[in-house]
Amino acid sequence: EAEAGQNRFDEIIAEDSRIEPRDWMPESYRKSLVRQVSQHAHSEIIGMQPEGNWISRAPSLKRKSILMAKVQDEAGHGLYLYSAAETLGRPREEMYDQLYSGKAKYSSIFNYPARTWADIGAIGWLVDGAAIVNQVPLCRASYGPYGRAMVRICKEESFHQRQGWEILYSLSHGTEAQHQMAQDAVNRFYGPALQMFGPPDGDSPNSQQSMAWKIKRFTNDELRQRFVDMLVPQVEALGLTLPDPELKWNEERGHYDFGDLDWDEFFAVIKGNGPLSRQRLEHYRKARDEGAWVREAAVAYANRQSQEQDQ
Ligand code: 3HC
């Protein structure tokens, strides 16, 4: 039976169609998907913190309502993704517990502080921009529930990127101090945003197998290159610069060359030693502890409703 399952699985992958929750799949495929999808869900949830921190300080009512909507979108993305991971048989509570205990990984980028209002612009433009470049190919991921969740998420991400762009554009064309604030935010977020694509291909243990399974469609370095190529004309339109003296058009390759990133810093951050790693986790734990009574009350209410229905 396993052999027939494996053959059917190989066929589905070869013809570029989709694996669905009830289909047979290799355990290693299931495991790797749970890994990626749950990390992705955790990233959305932890990613609410740097921006949530600015809701009360947004410079106008309009900016505040846009930011609130954006942070709520991230929560929604986290929930779709936890649901997609659940279809692979991993209970949601278990995923929450892994994040709570500090065992789970989430994107490195969310361990950096959002110091100024311009950082909210840089997060939208660079962090959500990187997320789109990484996630558009994931809409075609071979696992159906993941790919379908990604379609909706990408639509919302493009709105997020535009709002970030618009914040930076306004600041860049404002007073000299505002312009400086925008440039400083781009300077700090550029490198960490490029690292969102993951380690260089030579240090990426999962890429090859994930590409063979058609979960990933491009390597980390391919997507990073695509992102840099996309940023150069955009930063010019913003009236800002990217903080990389080695950034240069390479006629032969038809791409921009760019300088090495600080990979020691990256590996330290993903091991839990980022600038705000501890605070992010503490904040998550506190919110989960303080919300426990709400979850208990919701379960008690649901149980009573179903008892009443049974009578
Ligand atoms: N931050 C933290 N960990 C990272 C990382 C990063 N930027 N990049 C890679 N890693 C981890 C991997 O998870 C893997 O760890 P594991 O083996 O313990 O699970 C290890 O480093 C080696 O990396 P690989 O390249 O071998 O791993 P992958 O093949 O899984 O590629 C990835 C990494 C490109 C991030 C891929 O998992 C992916 O595309 N994931 C989906 C996208 C995602 O998770 N995005 C999160 C940020 S965007 C976001 O949250 C939206 C925003 O709106 C808030």
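What counts and how
Residues numbered from 1 in each chain as written. Predicted model: local features only at pLDDT ≥ 70, side-chain atom pairs only at ≥ 80, totals over all residues. Heavy atoms only, no water. Near = heavy atom within 4 Å. Polar contact = N/O pair within 3.5 Å; in protein donor to acceptor, adjacent residues only side chain to side chain. Helix = DSSP H or I, 4+ residues; strand = E, 2+ residues; numbered from the N terminus. Nonpolar A, V, L, I, M, F, W, Y, C, P; charged D, E, K, R; others polar. Disulfide = S-S within 2.5 Å. Phe/Tyr/Trp six-rings, centres within 6.5 Å; stacked < 30°, edge-to-face > 60°. Buried < 20%, exposed > 50% of the residue type's maximum accessible area, 1.4 Å probe, protein only. Lys NZ or Arg CZ within 6 Å of the ring centre and 35° of its normal. Expected span 1.5 Å × (residues − 1). Bend = angle between axes of the 7 residues up to and from the residue. Contact = heavy atoms within 4.5 Å.

Colleague: Any chance you could explain the site of the ligand here in plain terms?
Modeller: Neighbouring the ligand are 32 residues; Gln-39, Lys-105, Glu-157, Ser-204 and Lys-216 lie closest to it. The contact in question runs from an oxygen atom of the ligand to an N or O atom on the side chain of Glu-157, over 2.7 Å. Between the ligand and Asn-220 there is a distance of 2.9 Å, counted from an oxygen atom to a side-chain nitrogen or oxygen. Going through the elements one at a time, α2 (27-46), α6 (117-135), α7 (144-172) and α11 (263-273) are the ones with two or more residues in the shell around the ligand. When residues of the shell around the ligand are assigned to their parent elements, the largest contribution, 6 residues, is made by α2. Classifying every residue of the shell around the ligand gives 11 nonpolar, 14 polar and 7 charged.

Colleague: Before we go on, may I ask you to explain the state of the cysteines in this structure?
Modeller: Where two cysteines share a covalent bond between their sulfur atoms, that bond is called a disulfide. Applying the stated rule across the entire model yields 0 disulfides. Counting only cysteine sulfurs, Cys-154 is the nearest neighbor of Cys-139, a cysteine outside any disulfide, at a range of 3.9 Å.

Colleague: How do you make sense of the packing of aromatic side chains when you look at a structure like this?
Modeller: Aromatic ring pairs: the centre-centre distance and the angle between the two ring planes describe each pair. Evaluation of the coordinates by the stated rule reveals 10 aromatic pairs. Seen in terms of ring centroids, Tyr-29 and Trp-213 are 5.4 Å apart; in terms of plane orientation they differ by 85°. Their pairing is edge-to-face. With a gap of 184 residues between them, Tyr-29 in helix α2 and Trp-213 in the loop between α9 (207-212) and α10 (220-238) connect regions that are remote in the sequence. When its relative accessible area of 11% is taken as the criterion, Trp-213 is described as buried. Judged by centre distance (5.1 Å) and plane angle (75°), the ring pair of Phe-266 and Phe-267 falls under edge-to-face. We classify Phe-266 as buried; its relative accessible area is 4%. Taken together, the ring pairs connect Phe-9, Trp-24, Tyr-29 and Trp-213 into an aromatic cluster. Here Arg-57 stacks its cationic end above the ring of Trp-54, 3.9 Å away from the centre of that ring.

Colleague: What is the right way to read helix α8 (residues 176-195) from this model?
Modeller: Along an α-helix, residues three or four apart share an orientation, since each turn contains 3.6 residues. With 20 residues, α8 ought to run about 28 Å at 1.5 Å a step, and its terminal C-alpha atoms sit 30 Å apart, in line with that. Residue Phe-189 marks the point of greatest curvature in α8, where the axis turns by about 35°; the proline Pro-192 follows within four residues. Buried within α8 are the following residues: Ala-182, Gln-183, Ala-185, Val-186, Phe-189, Tyr-190, Gly-191, Pro-192, Ala-193, Leu-194 and Gln-195. Buried residues in α8 make contact with α6, α7, α10 and α11.

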